[in-house]
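As a plain string of letters, each chain reads:
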Amino acid sequence: MLRTHNCNELREGNIGSEVTLCGWIDTIRDHGGVIFVDLRDHYGITQVVISDDSMISGIAKETVIKVKGTVTKRDEETVNAKLETGSVEVRVSELEVLGPCLNSLPFEISNSTNTREDVRLKYRYLDLRNPAIHDNIVLRSKIISYLRKQMEGLGFMEIQTPILTASSPEGARDYLVPSRKHKGKFYALPQAPQQFKQLLMASGFDKYFQIAPCFRDEDARQDRSPGEFYQLDFEMAFATQEDVFEVAEKVVYNTFKEFTGKSVSEPPFKRITFADSMIKYGTDKPDLRNPLIIQDLTDFFATVDFPLFKGKPVRGIVANCQGQSKKFFEDSLKFAMSIGMKGLGYLTLAGDEYKGPIAKFLTPEKKTELTELCGIKDGETVFFICDALSVVNRYSGEIRTWLGETLDIVNKDSYEFCFIVDFPMYELNPETHKIDFTHNPFSMPQGGMDALLNKEPTEIFAYQYDIVCNGVELSSGAVRNHNPEIMKKAFEIAGYGEEDVKAKFGALYTAFSFGAPPHAGMAPGVDRMVMLIAGEDTIRDVIAFPLNGNAQDLMMDAPSTVTEQQLKEANIKIRD
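Not measured: the values here are computed from a predicted model.

> I would appreciate a short explanation of the pairing of strand S2 (residues 35–40) in the present structure.
Each regular strand shows side chains that alternate between the opposite faces of the sheet. The element S2 is extensively covered by neighbouring structure, given that six of its six residues are classed as buried. Taking every second residue as pointing to the same face, both faces of S2 are buried, with Ile35, Val37 and Leu39 on one and Phe36, Asp38 and Arg40 on the other. Sheet analysis places strand S1 (residues 18–30) next to S2, joined by six bridges and oriented antiparallel. Bridge assignment links isoleucine 25 to a residue of S2, and that residue is leucine 39. From the end of S1 to the start of S2, which pair antiparallel, there are four residues, and glycine 32 there has a positive phi angle of about 70°. Note that S2 and strand S3 (residues 45–50) share six bridges and pair antiparallel. Following the sheet pairing, arginine 40 is matched in S3 by isoleucine 45.

Rendered as structure tokens:
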């Protein structure tokens, strides 16, 4: 090895030893004849002291060097308690340049996170030298290793599924790969191992998992990277929804408890139906750290002579706004208008009286009813959201979030988990007015064939479920539809004939006709898990080489043009 120790290894017990260190020059401080260099490697920083100026003359920061010298104790006044090596330093006798830094740095390494993202991503290898980002990738590695150990300990077997597969309508655009040997035909990168993991269950494997790459041509968000992402994909034969929950709770809870010092909600996680979540939180991804609850006041206002709320769904949110200025309420209205609302009504209870424009429309009896219905206390304010059924829940959820953040009542020192259950199997498409799947088309309907035959499609629930943490969808899964006849009927309701099912999901449909076990699973998102544990606001800061928000790799210049010969071999012609 070129070195005897790494840059985070030396302690007072090494004083007097001859050592060799290798690393990057992090900082150079010239104290007039004595030069102090912070030498940085993957593990940390050691201060080295150079007495001969000529050793480091002309050498720039971020140059990779090897130094040989003696470990000495630092003077008491120069001890750096922030470094694990802060009580010692190395007096350098020899220095060798291993990798010169020949170009001017596009940004200071220690300040890279404050640099424009396009510059950071173009020089990602420099950005990754910043300990703040470097440590995220180290954390990611540790979390993935821990996840693997847990799954193996629970009896799951890791199996890799194909990257080149067939295009499949699974909710997002496929990435297509042209076939050289089969002219005019294409592979697709898998949006998820969905069909393969179900086929593994039909193959007789009992418990499967993998850290699976998934590829979807979709737009970026703070918690979603375009192009590819990774999930802890697992499936279990002869399993119920509760069996999946037990595994997921154990693995997710243990992981967050292992890698964070924050409070973590203990299993069993709270179960919230999709319908209740939309009413109480205005979203199917509720942040339970926010104590505010939305209430349905539609029936209450049905008997109130207030034209703006007449015959429309109404939601109410009670919040303690005591001490808030007039500007706070003006800002609440500005926010409501910014998200598309026409206004934001509110009433404040002051003693026994309500104050606010809507108060005059309420009789004394209705005021008493409102107090009891919402549990409003003296000094609290109830905000009213009224709009079309298609948007009222979303608006309510956004107002709830704004109030929680603005009033600073969201507990930032905790991870609050819940399962969202009982998703509708179908929904009415507002544009086509036809029945569509709302979630995963491979899910088992609650009630099986009987429900499909005898219920209105929009009233059928599926055995589908999500794990949500702090307002982020961490995982989705389902009990799978393993019965060919039920599958055929489920797709028929959504407008797909048997031939359509065979054409789009032929292998799965045929495999199930040879006898398939009941099976269920889910797939927690690895990137999102690491993002939450690391406390980062964007998922790109926990991925080594992410695409930017426009699905470009600025470092490797992808996507890029290819040669005419490559296009010819792939049987592709570019259209204008």
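After that view of the structure, there is still more to cover.
> Would you mind showing me how to read the sheet that holds strand S9 (residues 207–216) here?
In space, the eight strands of this open sheet follow the order S6-S9-S10-S24-S23-S22-S19-S12, with mixed pairing throughout. Looking along the sheet, the strands with just one partner apiece sit at the ends: strand S6 (157–158) and strand S12 (270–273). Sheet analysis places S6 next to S9, joined by two bridges and oriented parallel. Residue pairing for S9: glutamate 158 is matched across the bridge by phenylalanine 209.

> Explain helix H8 (residues 326–338) here, please?
Residues that lie three or four places apart on an α-helix share one face, since the helix turns once every 3.6 residues. The first and last C-alpha atoms of H8 sit 19 Å apart over 13 residues, in line with the 18 Å expected at 1.5 Å per residue. Structurally, H8 contributes buried residues whose contacts are with strand S15 (345–350), strand S17 (380–386) and helix H10 (389–406). Among the residues trailing H8, glycine 340 stands out with phi positive, at a value near 110°.

> Hey, could you run me through the packing of aromatic side chains in this one?
One pair of aromatic rings is described through two measures. These are the centre distance and the angle between the planes. The final tally for this structure, using the stated rule, is 27 aromatic pairs. With a centroid separation of 4.8 Å and 80° between ring planes, the pair formed by phenylalanine 306 and phenylalanine 309 is classed as edge-to-face. Under the relative-accessibility criterion, phenylalanine 306 is labelled buried at 10%. Residue class for phenylalanine 309 comes out buried when judged on its relative accessible area of 8%. With centroids separated by 4.6 Å and ring planes inclined at 50°, the aromatic side chains of phenylalanine 306 and phenylalanine 361 adopt a geometry described as tilted. Placement of phenylalanine 306 in the loop between helix H7 (298–301) and strand S14 (314–320) and of phenylalanine 361 in the loop between strand S16 (353–355) and helix H9 (364–374) is noted, with a sequence separation of 55 residues between them. By relative accessible area, phenylalanine 361 is classed as partly exposed at 30%. An aromatic cluster is defined as three or more aromatic residues linked by ring pairs; in this entry it consists of Phe245, Phe256, Phe269, Tyr415, Phe417, Phe419 and Tyr465.

> Any chance you could explain the packing of helix H4 (residues 194–202) against helix H13 (residues 498–512) here in plain terms?
Two measures define how a pair of helices packs: the angle their axes make with one another and the distance between the axes. Viewed as axis vectors pointing N to C, H4 and H13 meet at an angle of 15°, and their least axial separation amounts to 10 Å. One element, H4, and the other, H13, form an angle in the roughly parallel class. Remark: the crossing between H4 and H13 carries left-handed chirality. Contact residues: Gln195, Gln198, Leu199 and Ala202 in H4; Lys504, Phe505, Ala507, Leu508, Ala511 and Phe512 in H13. Among the residues forming the contact of H4 with H13, the class breakdown is seven nonpolar, two polar and one charged.

> Explanation requested: unusual backbone geometry in the structure shown.
Trans peptide bonds make up most of the peptide bonds, and negative phi angles are found at most residues other than glycine. A cis geometry characterises the amide bond from proline 267 onward to proline 268, with omega recorded as -5°. Turning to its location among the elements, proline 268 is positioned in the loop between strand S11 (263–264) and S12. Note the cis peptide between alanine 558 and proline 559, where omega equals 0°. Topologically, proline 559 is positioned in the loop between helix H14 (526–534) and helix H15 (564–569). Although it is not a glycine, histidine 433 adopts a positive phi angle of roughly 60°. Note on placement: histidine 433 falls in the loop between strand S20 (426–428) and strand S21 (435–437). Since its relative accessible area comes to 60%, histidine 433 is described here as exposed. Positive phi, close to 60°, is recorded for asparagine 571, a residue that is not glycine. Turning to its location among the elements, asparagine 571 is positioned in the segment after H15. For asparagine 571, a relative accessible area of 32% puts it in the partly exposed group.

What counts and what doesn't
- Residues numbered from 1 in each chain as written.
- Predicted model: local features only at pLDDT ≥ 70, side-chain atom pairs only at ≥ 80, totals over all residues.
- Heavy atoms only, no water.
- Buried < 20%, exposed > 50% of the residue type's maximum accessible area, 1.4 Å probe, protein only.
- Helix = DSSP H or I, 4+ residues; strand = E, 2+ residues; numbered from the N terminus.
- Pairing = 2+ DSSP bridges.
- Expected span 1.5 Å × (residues − 1).
- Contact = heavy atoms within 4.5 Å.
- Phe/Tyr/Trp six-rings, centres within 6.5 Å; stacked < 30°, edge-to-face > 60°.
- Axes fitted to C-alpha atoms, helices over the stretch in contact; angles between N-to-C directions.
- Parallel < 35°, antiparallel > 145°, perpendicular 65-115°, else oblique.
- Left-handed = near helix turned anticlockwise from the far one by under 90°.
- Nonpolar A, V, L, I, M, F, W, Y, C, P; charged D, E, K, R; others polar.

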